[in-house]
Number of protein chains: 2
Amino acid sequence: MAVYTEFSDEEFGAFIGGYDLGTVLSIKGIAEGVENSNYLLATEAGQFVLTLYEKRVDAADLPFFLGLMEHLAGRGLTCPTPVRDRAGNALNRLAGRPAAIVTFLSGLSVRRPRVEHCAAVGTALAELHLAGDGFALTRRNALSIDSWRPLYRLCHGRADEVAPNLAADIEAELDYQEARWPSGLPQGIIHADLFPDNVFFLEGRLSGLIDFYFACNDMLAYDVAISLNAWCFETDVSLNVTKARALLAGYNGVRPFTAAEIDTLPLLARGSALRFLLTRLHDWLTVPPGALVVPKNPLEYYKKLRFHRGVGDAGAYGLDR
Amino acid sequence: MAVYTEFSDEEFGAFIGGYDLGTVLSIKGIAEGVENSNYLLATEAGQFVLTLYEKRVDAADLPFFLGLMEHLAGRGLTCPTPVRDRAGNALNRLAGRPAAIVTFLSGLSVRRPRVEHCAAVGTALAELHLAGDGFALTRRNALSIDSWRPLYRLCHGRADEVAPNLAADIEAELDYQEARWPSGLPQGIIHADLFPDNVFFLEGRLSGLIDFYFACNDMLAYDVAISLNAWCFETDVSLNVTKARALLAGYNGVRPFTAAEIDTLPLLARGSALRFLLTRLHDWLTVPPGALVVPKNPLEYYKKLRFHRGVGDAGAYGLDR
């Protein structure tokens, strides 16, 4: 559930008056995204999403995020495109917060992905990776491996409240991954959060990708590992290898994996599982009871991490070298 | 902030398949109404609002509410109109809850009404009262004067936490109003909750009324008193008599007040203030800290109540007999 920043009629009037979008027909706060306040905005010019960026987003990153959406849309990817005001700015301010208007995408996210959804997501992720090529700005991954131990230190004291021996297990996993994390794999722009709620489908076809607010520069195959974890496990946290094979084949058909990427995929999947385990564990232990945002259970990703520990090679995901 | 009932793709598919609305293009939870879960639904047939009725709405009242919207829309009032499924039903079930689809209304609610908004609301309220005539169903006002003392009893023990001597003051007010509450005034369908967030404007003109989930049969002038309290006070809770005069003149121009209504208006305004003081006091004292719904401060209506106690006749509102 999203946070809502309220604004006065006068503030909104002054803000929207800077754009060339005609008369405003309606504006509704929508329950989308947990980081920002989002409004569905209808004007004579069409449908848009107005976003007010709240504290968890670093304002210094906004030119990267908005520029990236513009770059990707220009390369033919279906994603929200920032709308520039009459002065040519995509980023403005409303109610004391950075604010932007982006185009609205039709489509519905799926709650329970099927095999064909996984195939389409693999394809779209590879298209995103190719389309990101040539984008002038860069952003380091604030949630990559070097951030995991500091995050662990913030919550290790209470980790065992969530699962027996979890703190020691995470520490051993950090030691393992830090000793092996790869450095030579192909890099580029990654989405870094391509979960089912960030992908829209329309009549069975993928109709767009949203929420680029974790995007950054990192290993492309790490993004694949994130999506593998997000899309290919069943609700009992068992891997559906048919879905994994479909996602990886979809990706490989657009951007073929290198041999090194295939060899490293189990480790990247372990890393991705650890990253979401750690952020969810931190949120789980620090969000006050009754807060607007209900934290996600970290155990789902602990189970995924343990699954990947047992994987010998990418063949377990249906991908052969 | 609204509650959200989640539903699966399959549940939603089965539900929407019963309607003749074409392909679903998007569905977004919206932050509108605190009683129900509301979704903005776009299909090939247009824009709609899907409502799942939560526990605070009595399912037995739904045929009244939906039938009323259909009746009022048929009489030319701009309000959401229920969409019937292929079997002719306006009311169905989704995720274990009663659910209905109504047409979407363009427009924006105003946060700080100006005089012209108050005039338009007075006119629209009178039009609603005339349009309600002939509606076949009836619903007693569950929040009329006979409910106030039981509501007071639920929270009088802690009322003084909110303002010194509030419990005794409310009790004296109940005695006063119960001894004088009128019975012979013109009755009909009233909205009973026509606050600024339930009225839409587009380019300065009133474009529709929403949220009929408190509508019932009661004195028409009591509905006017509710709107007077909701629209014509400034943020410091002083009456803006120019706004009051505009609202009452707008109403009177469509449905002229009877002499008895004019004489009783100060008492009805006291009664309306007491009703919202009591429901807000109850919510204020019973909603757990950190709950999704932030209760409204009851003191605003305590101040309005005290203002109306000092009113001699409707001339104080700009309405002369």
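None of the values given here were measured: they were computed from a predicted structure.

Asks: I'm lost on the packing of helix 6 (residues 220-231) of chain B against helix 7 (residues 241-254) of chain B in this one. Help?
Replies: The description of two helices packed together rests on the angle between their axes and the distance between the axes. Residue and element names in this part refer to chain B. Running from amino to carboxyl end, helix 6 crosses helix 7 at an angle of 150°, the nearest separation of the two axes being 10 Å. With respect to each other, helix 6 and helix 7 are oriented roughly antiparallel. As for the relative orientation of helix 6 and helix 7, their crossing is right-handed in sense. Here helix 6 contributes Val-224, Ser-227, Leu-228 and Trp-231 to the contact with helix 7, which in turn contributes Lys-243, Ala-244, Leu-247 and Tyr-251. For the contact of helix 6 with helix 7, a count of residues per class yields 6 nonpolar, 1 polar and 1 charged.

Asks: Can you walk me through the packing of helix 3 (residues 115-131) of chain A against helix 6 (residues 220-231) of chain A in this structure?
Replies: All names here are of chain A. Put simply, helix 3 and helix 6 touch, their axes get as near as 11 Å, and they point 160° apart. Between helix 3 and helix 6, the angle falls in the class roughly antiparallel. For the crossing formed where helix 3 meets helix 6, the hand is right-handed. Between helix 3, through Cys-118, Val-121, Leu-125 and His-129, and helix 6, the contact on the second element is made entirely by Leu-220, Asp-223, Val-224, Ser-227 and Trp-231.

Asks: It is not clear to me how unusual backbone geometry should be interpreted in this structure. Could you clarify?
Replies: With the exception of glycine, the majority of residues adopt a negative phi angle, and the majority of peptide bonds are in the trans configuration. One non-glycine residue, Ala-95 of chain A, adopts positive backbone phi at about 55°. Positionally, Ala-95 of chain A belongs in the loop between strand 4 (92-94) and strand 5 (97-103). Residues other than glycine seldom take positive phi values, yet Ala-192 of chain B does so here, at roughly 75°. Tracing the backbone through its elements, the reader meets Ala-192 of chain B in the loop between strand 6 (187-190) and strand 7 (199-202). Looking at Ala-192 of chain B, the number of C-beta atoms within 10 Å reads 23, which means it is buried.

Asks: Before we go on, may I ask you to explain the domain arrangement of chain A in this structure?
Replies: Accessible area lost upon the coming together of the parts is a frequently used measure of interface size. Residue and element names in this part refer to chain A. When its domains are assigned, chain A resolves into domain 1 (9-103) and domain 2 (115-317). For domain 1 versus domain 2, the separation of C-alpha centres amounts to 27 Å. Counting from both sides, the interface comprises 19 residues of domain 1 and, opposite them, 17 residues of domain 2. Each residue belonging to the side of domain 1 that touches domain 2 can be placed in one class, and the counts come to 11 nonpolar, 5 polar and 3 charged.

Asks: I keep staring at the nonpolar core and nothing clicks. Help me out?
Replies: When a protein is soluble and globular, its nonpolar side chains tend to lie buried together. With 187 residues, the main nonpolar core has Val-121 and Leu-247 of chain A together with Val-121 and Leu-247 of chain B as its most contacted residues. The residues contacting Leu-247 of chain A, other than those within four sequence positions of it, are Cys-118, Ala-119, Val-121, Gly-122, Ser-227, Leu-228, Trp-231 and Cys-232 of chain A.

Asks: Which parts of the structure should I look at to understand the environment of Val-121 of chain B?
Replies: The topology assignment puts Val-121 of chain B in helix 3 (residues 115-132). Along the sequence, Val-121 of chain B and Gly-132 of chain B sit 11 residues apart, while their C-alpha atoms lie 16 Å from each other.

Criteria and thresholds
Residue positions are counted from 1 within each chain, in the order its sequence is given. Ligands are numbered from 1 and chains lettered from A, in the order in which they are written. Predicted model: local features are reported for residues with pLDDT of at least 70 only, side-chain atom pairs are reported and counted for 80 or more only, and whole-chain, interface and lining totals are derived from all residues. Angular values range over 0 to 180 degrees, each being the angle between N-to-C directions of two axes fitted as lines to C-alpha atoms, with helices fitted over their stretch in contact. Think of it this way: any DSSP run of H or I at least four residues long counts as a helix, any run of E at least two long counts as a strand, and we number them from the N terminus. Angle categories are assigned with fixed cut-offs, so that under 35 degrees is roughly parallel, over 145 is roughly antiparallel, 65 to 115 is roughly perpendicular, and the rest are oblique. The crossing is said to be left-handed when, going from far helix to near helix, the turn is anticlockwise and less than a right angle, and right-handed when the turn is clockwise. Contacts here follow a simple rule: the backbone-placed C-beta atoms of the two residues must lie within 7 Å. Throughout, the ten residues Ala, Val, Leu, Ile, Met, Phe, Trp, Tyr, Cys and Pro are labelled nonpolar, Asp, Glu, Lys and Arg are labelled charged, and all others, Gly among them, are labelled polar. In this scheme the burial state of a residue depends on its C-beta neighbours within 10 Å: 20 or more other such atoms mean buried, 12 or fewer mean exposed, and anything in between means partly exposed; the C-beta positions come from the backbone. Domain ranges listed in this record stem from an automatic or a database domain assignment. Note on terminology: a nonpolar core is any set of buried Ala, Val, Leu, Ile, Met, Phe, Trp, Tyr and Cys residues joined through C-beta atoms within 7 Å.

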